[in-house]
Amino acid sequence: MTDPLRHDTELAALRALRGSGLPVPELVEVEPGSILMTLMPGARLDSGSADERIERLAASAPLLRSLHALPVPDGLPSAPDDHTIIRRYRAAGGPPLPLAIPPSQGAVFCHGDWTDGNVLAVDGEITAIIDWEAAHVGDPLRDLSRAAWGASLKDERSFDALVDAYGADREAARAWAPIHAAELWLWFAEAGPPEYLADLTERLRRWPD
């Protein structure tokens, strides 16, 4: 882990999660630039059929809600600056989006990258939540919505499945979606493969009114 901030964030998150009941790796050895941790069982959420993936996403939602209810640990960075994301996106010439920052729902312990590859399962049971380097203190609905919107890029059913299982309001969660779209577009514009940027740009041009 060459980025000291990501290294320290992963370390702070895993230390805070020890004994929490959430299925996370245990720390074995920590050195500057590296963290050795226990191997966790399970496969990515998308390792099975589309329907199995939806079921596993829904099964992960109570764990995300449990994370958001934990005490906020010291050592985590703040949430991404959405005002900066909007300003950079518009300056970069991204497709028009209804960009507005929803009202805050508070500041909680967020994972920051709750995706197929970072949540593992065996059959229908969630066995591990990994990759905590994007953890931060932020809005719980933003964290949930980011996970749901990202999952919906593979299967539109994913958004409602994850949000409903979490117990949040669908429309309130969808209000965050343009922010996530802008953030992902900026990532692809700056570092991602050109074909990914082209595909996402076409998606955003068809954004519903």
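The structure we're discussing is the one just above.
Residues numbered from 1 in each chain as written. Predicted model: local features only at pLDDT ≥ 70, side-chain atom pairs only at ≥ 80, totals over all residues. Heavy atoms only, no water.

All right, on to the sheet that holds strand 3 (residues 43–44) then. Reading across from one edge, 3-5-6 is the order of the three strands in this open sheet, with antiparallel pairing throughout. Strands at the two margins of the open sheet, each flanked by one partner only, are strand 3 and strand 6 (125–129). Across two bridges, the pairing between strand 3 and strand 5 (residues 119–122) is antiparallel. Its bridge partner being in strand 5, arginine 44 is matched across the sheet by leucine 120. Packed on one face of the sheet, helix 2 (residues 50–69) meets strand 3, strand 5 and strand 6 and runs near 60 degrees to strand 6. (Pairing = 2+ DSSP bridges. Helix = DSSP H or I, 4+ residues; strand = E, 2+ residues; numbered from the N terminus. Contact = heavy atoms within 4.5 Å. Axes fitted to C-alpha atoms, helices over the stretch in contact; angles between N-to-C directions.)

This part covers helix 8 (residues 194–205). Here helix 8 spans 17 Å end to end across 12 residues, near enough to the 16 Å set by a 1.5 Å rise per residue. For helix 8, the set of buried residues is Leu200, Thr201 and Leu204. Buried residues along helix 8 cover an arc of 105 degrees about the axis, so they all sit on one side. Of the exposed residues in helix 8, the ones pointing more than 90 degrees away from its buried face are Glu195 and Arg205. As for helix 8, its buried residues are in contact with helix 3 (82–92), helix 4 (140–152) and helix 7 (177–190). (Expected span 1.5 Å × (residues − 1). Buried < 20%, exposed > 50% of the residue type's maximum accessible area, 1.4 Å probe, protein only. Arc of directions from axis to C-beta.)

Next up on the list: a negative patch on the surface. Side chains of Glu52, Glu55, Asp123 and Glu125 sit close together on the surface and give a patch of like negative charge. Mapped onto the fold, glutamate 52 is located in helix 2. (Patch = residues over 30% accessible without salt bridge, like charges linked within 9 Å, V, L, I, M, F, W, Y side chains within 5 Å. Areas by Shrake-Rupley, 256 points an atom, 1.4 Å probe, with all protein chains shown as cover. Salt bridge = Lys/Arg side-chain N within 4 Å of Asp/Glu carboxyl O. Lys, Arg positive; Asp, Glu negative; His and termini not counted. Charge placed at Lys NZ, Arg CZ, Asp CG, Glu CD.)

The next point concerns the packing of aromatic side chains. Taken as a whole and judged by the stated rule, the model has three aromatic pairs. Both rings, one in phenylalanine 188 and one in tyrosine 196, keep their centres 5.5 Å apart while their planes meet at 80 degrees; by these two values the pair is edge-to-face. Directly above the aromatic system of tyrosine 166 lies the positively charged group of arginine 65, at a separation of 5.0 Å from the ring centroid. A cation over an aromatic ring shows up here: arginine 174 above the ring of phenylalanine 159, its NZ or CZ 4.2 Å from the ring centre. (Phe/Tyr/Trp six-rings, centres within 6.5 Å; stacked < 30°, edge-to-face > 60°. Lys NZ or Arg CZ within 6 Å of the ring centre and 35° of its normal.)

A few words on the pattern of salt bridges. This model, assessed by the stated rule, comprises 17 salt bridges. Between arginine 142 and aspartate 82 there is a salt bridge, with the nearest N and O atoms lying 2.7 Å from each other. Taken together, the positions of arginine 142 in helix 4 and aspartate 82 in helix 3 put the pair 60 residues apart, joining distant regions of the chain. Through salt bridges with shared partners, a single network forms among Arg44, Asp46, Arg53, Asp116 and Lys154.

Let us look at unusual backbone geometry. Of note, aspartate 123 is a non-glycine position whose phi angle comes to about 55 degrees, a positive value. Topologically, aspartate 123 is positioned in the loop between strand 5 and strand 6. Of note in this structure, aspartate 131 is not a glycine but carries a positive phi near 55 degrees. As for its position among the elements, aspartate 131 is in the loop between strand 6 and strand 7 (136–138). On the accessibility criterion, aspartate 131 (37% relative accessible area) is partly exposed.

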